[in-house]
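Per-entry structural report
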Amino acid sequence: AQKITQTQPGMFVQEKEAVTLDCTYDTSDPSYGLFWYKQPSSGEMIFLIYQGSYDQQNATEGRYSLNFQKARKSANLVISASQLGDSAMYFCAMREISTGANSKLTFGKGITLSVRP
Amino acid sequence: NAGVMQNPRHLVRRRGQEARLRCSPMKGHSHVYWYRQLPEEGLKFMVYLQKENIIDESGMPKERFSAEFPKEGPSILRIQQVVRGDSAAYFCASSPNLRDGINEQFFGPGTRLTVL
């Protein structure tokens, strides 16, 4: 079964507006971490934000926030005040802690975001 | 503190040749991970190493692929007798020792392998 699902087609957003990128996950591990990475056209992987399964509050990092709904197993990324430089692929990833604190990341297939001027 | 270093950034090989990809983790990081990204796909885990030990190789193809992380020097991902299907971006990531239960992985810039 797919552990990380990102099914949105290419997303478009107007500059300065907010956009939500969807991510659902599947795990039976009670302890896990959720990550979002950005991959611009240059190819590098840039860490954006992290949410732990036991965190009481939704994670925020500058213009990035994570809408974590544990019961629905979703961890959507919200980007506020979009900028042209936000155009990139965005990947959701998960680490299951019971397999080890330094265990592998499982990635979704990614979502392409294009910001329009 | 320099980030994760990978070289070469681009590598071209003919079918049947060997490819050696190198990864130097961030200073103080003893955990190294290799991932492969096929075109239009997410990253797929290959192998996780800690100094001189392979911890998890569940994502490594059974043949032609090997990885090491020696006591001294970079981690090496080796692909023998490359085929066109090996063309992909190979990313290395490193993480520090356990801290607060969750460790972020820091990624290198990747090596783009093209097999002709």
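Below: a short report on this structure. Worth saying up front: this structure is predicted, and the values here are computed from it rather than measured.

Residues and elements named next belong to chain A. Of all hydrophobic cores here, the largest spans 26 residues; its most connected members are Leu21, Trp36, Leu77 and Tyr90. Of all the secondary-structure elements, those providing two or more residues to this core are β2 (11-14), β3 (19-21), β5 (32-39), β6 (46-52), β8 (64-69), β9 (74-79), β10 (88-96) and β12 (111-116). It is β10 that contributes the most residues to this core, four residues altogether. The contact partners of leucine 21, leaving out residues within four places of it in the chain, are Gln8, Met11, Trp36, Asn76, Leu77, Ile79, Tyr90 and Ile111.

What follows deals with the pattern of salt bridges. For the coordinates displayed, the defined rule picks out seven salt bridges over all chains. With its nearest N and O atoms 3.8 Å apart, the salt bridge here joins Lys73(A) to Asp26(A). With Lys73(A) in the loop between β8 and β9 and Asp26(A) in the loop between β4 (24-25) and β5, this residue pair connects regions lying 47 residues apart in the sequence. Using a relative accessible area of 28% as the deciding quantity, one classes Lys73(A) as partly exposed. With a relative accessible area of 36%, Asp26(A) lands in the partly exposed category. For Asp86(B), the salt bridge goes to Arg64(B), with nearest N and O atoms at 2.7 Å. Separated by 22 residues along the polypeptide, Asp86(B) in the loop between β8 (75-79) and β9 (88-95) and Arg64(B) in the loop between β6 (53-56) and β7 (65-68) bring together distant segments of the chain. The partly exposed category is assigned to Arg64(B), whose relative accessible area is 26%.

The next point concerns the sheet that holds strand β1 (residues 5-7) of chain B. Residue and element names in this part refer to chain B. The strand order across the open sheet built from four strands is β1-β3-β8-β7, with neighbouring strands paired in antiparallel fashion. In the strand order of this sheet, the two ends are held by β1 and β7, each with one partner. Neighbouring strand axes in the sheet, compared pairwise and without regard to direction, differ in orientation by 15 degrees on average. Both strand β3 (residues 19-24) and β8 contribute to a ladder of five bridges, which runs antiparallel. Along β8, the bridge assignment pairs arginine 22 with isoleucine 76.

Definitions and limits used
Residues numbered from 1 in each chain as written. Chains lettered and ligands numbered in written order. Predicted model: local features only at pLDDT ≥ 70, side-chain atom pairs only at ≥ 80, totals over all residues. Heavy atoms only, no water. Core = buried A, V, L, I, M, F, W, Y, C linked by side-chain atoms within 4.5 Å. Buried < 20%, exposed > 50% of the residue type's maximum accessible area, 1.4 Å probe, protein only. Helix = DSSP H or I, 4+ residues; strand = E, 2+ residues; numbered from the N terminus. Contact = heavy atoms within 4.5 Å. Salt bridge = Lys/Arg side-chain N within 4 Å of Asp/Glu carboxyl O. Pairing = 2+ DSSP bridges. Axes fitted to C-alpha atoms, helices over the stretch in contact; angles between N-to-C directions.

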